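Structural overview for review
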Amino acid sequence: MINHKRLVFFSLSLFFLFCFFAFSFLVKKHYLTQFDFDMSVRIQDNTPVKLDKLYQFFSALASVQGMAILLSLLLVLRRQIIRGFIILSIFFSSHIVELFGKLYINHPPPPFMFYKHIDASTFNFNKYYVQTGNSYPSGHSLRTVFFAVIFAYTVYHMKRIPPMAKTCLILGAVMLVCFVGISRVSLGEHWTTDVIGGGLFGLASGIFSLIFL
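What you see is a predicted model; the values in this text were computed from it and never measured. (Residues numbered from 1 in each chain as written. Predicted model: local features only at pLDDT ≥ 70, side-chain atom pairs only at ≥ 80, totals over all residues. Heavy atoms only, no water.)

**Description of the overall build of the chain**
Scanning the chain for helices and strands turns up 10 helices and 0 strands. Put simply, the chain runs from its N terminus to its C terminus through helices and strands in the order α-α-α-α-α-α-α-α-α-α. Taken against the 2.2 N^0.38 rule, which gives 17 Å for 213 residues, the C-alpha radius of gyration of the chain at 18 Å falls within 12% of a compact globule. Along the longest, intermediate and shortest principal axes, the C-alpha atoms of the chain span 55 × 35 × 25 Å. For the chain, with 213 residues in total, the buried portion stands at 43%. Counted over contacts in the chain with a minimum sequence separation of 6, partners at least 24 positions apart contribute 84%. Taken as a whole, the chain presents about 12100 Å² of accessible surface, with 71% of it coming from carbon and sulfur. Positive and negative side-chain charges in the chain, numbering 18 and 8 respectively, have mean positions lying 19 Å apart. (Helix = DSSP H or I, 4+ residues; strand = E, 2+ residues; numbered from the N terminus. Rg over C-alpha atoms; globule rule 2.2 N^0.38 Å. Buried < 20%, exposed > 50% of the residue type's maximum accessible area, 1.4 Å probe, protein only. Contact = heavy atoms within 4.5 Å. Areas by Shrake-Rupley, 256 points an atom, 1.4 Å probe, with all protein chains shown as cover. Lys, Arg positive; Asp, Glu negative; His and termini not counted. Charge placed at Lys NZ, Arg CZ, Asp CG, Glu CD.)

Now the structure itself:
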């Protein structure tokens, strides 16, 4: 049964990895440029300004430090130090793919007109108007999806938690993924394709990690 589970997780991981590379090809060839622009305009136009602070909180939560702390606490609850170390190693190693994408896929971040973090008192024209580097894939999206996969799997297999509570917790993890993804576009930090790409690789690496749990 265990070997069958591992085979299923490995197969699913390969499937989402293939989806990630296929989607990355589309991004690299600029087939989704208009889609990105339209989605950014639509999301920002339909997002109340009062939600910006909330989205900034979720963005901060999905930082490397924030997700690493949450993931570590979750793994400590499982009381499996060696397996937990393996999961954390996969988590940090997955950022190599993020770095590779941002180095080799020509996909500049949204222009300054979408950016909502600009502080007028410290405004630097070159920093915000002239965008350097690339933004694909979104590391925030990658980390949040990775954590959500481990969290959902852990909660699902905890016998002491009632079924209804499990459903609520898993839905909460899904909502976290959605809030972080929307926040990256709403705040003008990323394009929608950045978020989708990061989410796909987060699924691939997160599901692969389940082999070791």
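**Considering the packing of helix H5 (residues 81–93) against helix H6 (residues 95–104)**
Where H5 contacts H6, the axes come no closer than 4 Å and their chain directions differ by 5°. Taken together, the axes of H5 and H6 lie roughly parallel to each other. Residues Phe-91, Phe-92 and Ser-93 of H5 pack against His-95, Ile-96 and Val-97 of H6. When its residues are assigned to classes, the contact of H5 with H6 shows 4 nonpolar, 2 polar and no charged. (Axes fitted to C-alpha atoms, helices over the stretch in contact; angles between N-to-C directions. Parallel < 35°, antiparallel > 145°, perpendicular 65-115°, else oblique. Nonpolar A, V, L, I, M, F, W, Y, C, P; charged D, E, K, R; others polar.)

**Looking at H5**
With 13 residues, H5 should cover 18 Å at 1.5 Å per step; its first-to-last C-alpha distance of 18 Å lies within 8% of that length. Along H5, the residues classified as buried are Gly-84, Ile-87, Leu-88, Ile-90 and Phe-91. One face of H5 carries all of its buried residues, which in axial projection span an arc of 160°. With respect to the buried face of H5, the exposed residues turned more than 90 degrees away are Ile-82 and Phe-85. (Expected span 1.5 Å × (residues − 1). Arc of directions from axis to C-beta.)

**Points about the side chain of Thr-144**
Checked against the element boundaries, Thr-144 lands in helix H8 (residues 139–156). We classify Thr-144 as buried; its relative accessible area is 1%. One polar contact links the side chain of Thr-144 to the main-chain carbonyl oxygen of His-140, over a distance of 2.7 Å. If near-sequence neighbours (up to four positions away) are discounted, Thr-144 is found in contact with Ala-62, Met-67, Leu-176, Val-177 and Val-180. (Polar contact = N/O pair within 3.5 Å; in protein donor to acceptor, adjacent residues only side chain to side chain.)

**Examining H8**
With 18 residues, H8 extends 26 Å between its outermost C-alpha atoms, agreeing within 8% with the 26 Å of an ideal straight helix rising 1.5 Å per residue. In terms of residue burial, H8 counts as a mostly covered element, since 16 of its 18 residues are buried. Backbone nitrogen of His-140 and a side-chain oxygen of the N-cap are separated by 3.4 Å at the start of H8; the cap is Ser-138.

**A closer look at the packing of aromatic side chains**
Each pair of aromatic rings is reported with the distance of its centres and the angle of its planes. Counting across every chain of the model gives 13 aromatic pairs. For the ring pair Phe-100 and Tyr-104, a centre distance of 4.7 Å and an interplane angle of 40° mean the geometry is tilted. Residue Phe-100 and its partner Tyr-104 are located together in helix H6, separated by 4 residues, close to a single helical turn. With respect to class, Phe-100 is no different from Tyr-104; both count as exposed. Taken together, the ring pairs connect Phe-20, Phe-21, Tyr-136 and Phe-201 into an aromatic cluster. One Lys or Arg, Lys-166, reaches over the ring of Tyr-156 and ends 5.9 Å from the middle of that ring. (Phe/Tyr/Trp six-rings, centres within 6.5 Å; stacked < 30°, edge-to-face > 60°. Lys NZ or Arg CZ within 6 Å of the ring centre and 35° of its normal.)

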